[in-house]
Amino acid sequence: MEITLITEDKKDFLDLLLLADEQEDMIDRYLARGEMFAACQGKTVIGVCVVTKESSCLYEIKNFAIAPPYQKQGYGKAFIAFICNYYQEEHRYLQVGTGAGTPTVRFYEKCGFTISHTVPDFFTRFYDHPIYEDGIRLTDMVYLQKPLFD
């Protein structure tokens with residue numbers, strides 16, 4: 001798997017971005033200000049990740065998706081490890097928000113993240129339609145953090 005920084009035409013990857021955040025206007029809120037990475041297997045783009053700088057010591061994964069045929073094969077965990085290494089520096093933290101009570105929370109915990117805090121009713125307040133993950137209707141956003149230093 002090869003991972004590259006995408007600096008132009010980020011919307012060309014909209015189909016993958018929508019896997020992680022299914023409302024385009026929400027993606028538009030962070031895409032331009034975020035750094036975007038694409039993971040490729042050969043000539044096939046299999047995943048994307050958008051990271052924003054929230055403060056001098058806090059970076060946030062705003063969008064992370066692996067194409068369904070490539071899921072549960074270790075690509076996601078390797079991609080997250082790359083992102084953690086890319087932003088690794090003393091006093092830096094990486095955070096990610098996802099739906100509370102979903103398998104995605106367990107994925108990030110396996111990648112070394114721990115639950116930081118919850119934003120109640122995030123998905124019902126900010127999305128114009130109900131959001132589901134694995135049959136679970138999302139209401140609360142749970143944030144997980146990982147220190148990027150030893």
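All chains use their own residue numbering, which begins from 1 and follows the written sequence. This being a predicted model, a pLDDT of at least 70 is required before a residue's local features are given, and a value of 80 or more before pairs of side-chain atoms are given or counted; all residues contribute to the totals for chains, interfaces and linings. With hydrogens and water set aside, each side-chain value is computed from the structure's full complement of heavy atoms.

### Concerning the overall build of the protein chain
Per the convention used, a helix needs a DSSP run of H or I reaching at least four residues, while a strand needs a run of E reaching at least two, with both numbered from the N terminus. The number of helices and strands found in the protein chain is five helices and nine strands. Ordering the α and β elements of the protein chain from the N terminus gives β-α-α-β-β-β-α-β-α-β-α-β-β-β. At 15 Å, the protein chain has a C-alpha radius of gyration in line with the 15 Å of a compact globule built from 150 residues. With the principal axes as the frame, the protein chain shows a C-alpha extent of 35 × 35 × 30 Å. Radius of gyration here uses only the C-alpha atoms, and the compact-globule reference equals 2.2 Å multiplied by the residue count raised to the power 0.38.

### Quick look at the sheet that holds strand S2 (residues 35–41)
Each pair of strands is called paired provided DSSP finds at least two bridges between the two strands. Read across the open sheet, the seven strands follow the order S1-S2-S3-S4-S5-S9-S6; overall the sheet is mixed. This sheet does not close on itself; its edge strands, each paired only once, are strand S1 (2–6) and strand S6 (114–119). For this sheet the average axis-to-axis angle between neighbouring strands, irrespective of direction, equals 30°. To obtain an axis, a line is fitted to C-alpha atoms, over the contacting stretch when the element is a helix, and the angle between two such axes runs from 0 to 180 degrees between their N-to-C directions.

### With respect to a positive patch on the surface
Each patch groups residues whose relative accessible area exceeds 30% and which form no salt bridge, using 9 Å between like charges and 5 Å between nonpolar side chains of Val, Leu, Ile, Met, Phe, Trp and Tyr. Every accessible area reported is derived by Shrake-Rupley at a probe size of 1.4 Å, with residue values counting cover from the shown protein chains alone. Here, a salt bridge means any side-chain nitrogen of Lys or Arg that lies within 4 Å of a carboxyl oxygen of Asp or Glu. Only four residue types enter the tally: Lys and Arg on the positive side, Asp and Glu on the negative side; His and the chain ends are excluded. Think of each charge as sitting on NZ of Lys, CZ of Arg, CG of Asp or CD of Glu. A cluster of basic residues, Lys72, Lys77, Arg106 and Lys110, forms a positive patch on the protein surface. Burial classes: relative accessible area under 20% of the type maximum marks a residue as buried, over 50% as exposed, and values in between as partly exposed (1.4 Å probe, protein chains only). Among the residues examined, Lys77 registers a relative accessible area of 48% and is labelled partly exposed.

### Here's the deal with the packing of aromatic side chains
Two rings belonging to Phe, Tyr or Trp (six-membered ring only in the last case) form a pair when the distance between their centres is within 6.5 Å. Interplanar angles under 30 degrees mark stacking, angles over 60 mark edge-to-face geometry, and anything in between is tilted. Tallied over the full model, the rule gives 17 aromatic pairs. Taken together, a centroid distance of 6.3 Å and an interplanar angle of 85° make the contact between Phe37 and Tyr87 edge-to-face. Separated by 50 residues along the polypeptide, Phe37 in strand S2 and Tyr87 in the loop between helix H3 (75–86) and strand S5 (93–99) bring together distant segments of the chain. Looking at Tyr87, the relative accessible area reads 3%, which means it is buried. Ring geometry for Phe64 versus Phe107: centroids 6.1 Å apart, planes at 15°, classification stacked.

### Focus: the packing of H3 against helix H4 (residues 103–110)
The description of two helices packed together rests on the angle between their axes and the distance between the axes. Two elements in contact, H3 and H4, have axes separated by 10 Å at closest approach and are oriented at 55°. The angle between H3 and H4 falls in the class oblique. Handedness of the H3/H4 crossing: right-handed. Where H3 abuts H4, its residues Gly76, Lys77 and Ile80 lie against Phe107, Tyr108 and Lys110. Considering only residue class, the contact of H3 with H4 consists of three nonpolar, one polar and two charged. Every angle not falling under 35 degrees, over 145, or within 65 to 115 is termed oblique; those three ranges are roughly parallel, roughly antiparallel and roughly perpendicular. A crossing counts as left-handed when the near helix is turned anticlockwise from the far one by less than a right angle, and as right-handed when that turn is clockwise. By definition in these notes, contact holds between two residues if any of their heavy atoms fall within 4.5 Å. In this classification, Asp, Glu, Lys and Arg are treated as charged, Ala, Val, Leu, Ile, Met, Phe, Trp, Tyr, Cys and Pro as nonpolar, and every other residue, Gly included, as polar.

### A few points about the pattern of salt bridges
On inspection of all chains with the given rule, the structure shows five salt bridges. Note that Asp28 and Lys11 form a salt bridge whose closest N and O atoms lie 2.8 Å from each other. Residue Asp28 is found in helix H2 (residues 24–28), and its partner Lys11 is found in the loop between S1 and helix H1 (14–20); the two are separated by 17 residues along the sequence. With a shortest N-O distance of 3.2 Å, Arg33 and Glu54 are connected by a salt bridge. One end of the pair, Arg33, is in the loop between H2 and S2; the other, Glu54, is in the loop between strand S3 (44–53) and strand S4 (58–66), with 21 residues separating them in the sequence. Classification of Arg33 as partly exposed rests on a relative accessible area of 47%.

### Section: H3
By this rule the span expected of a helix is its residue count minus one, scaled by 1.5 Å. Compared with the 16 Å implied by 1.5 Å per residue over 12 residues, the 16 Å span of H3 between its first and last C-alpha is a close match. Of all the positions in H3, only Tyr75, Gly76, Phe79, Ile80, Ile83 and Cys84 are classed as buried.

### Brief notes about the side chain of Asn63
Relative to the helices and strands, Asn63 is located in strand S4. On the accessibility criterion, Asn63 (1% relative accessible area) is buried. Here the side chain of Asn63 touches Tyr30 through a polar contact of 3.0 Å, side chain to side chain. Here a polar contact means two N or O atoms within 3.5 Å. Within protein one must be a hydrogen donor candidate and the other an acceptor candidate, and residues neighboring in sequence count only if both atoms are side-chain atoms.

Such coordinate-based values are descriptive only and should not be taken to indicate function.
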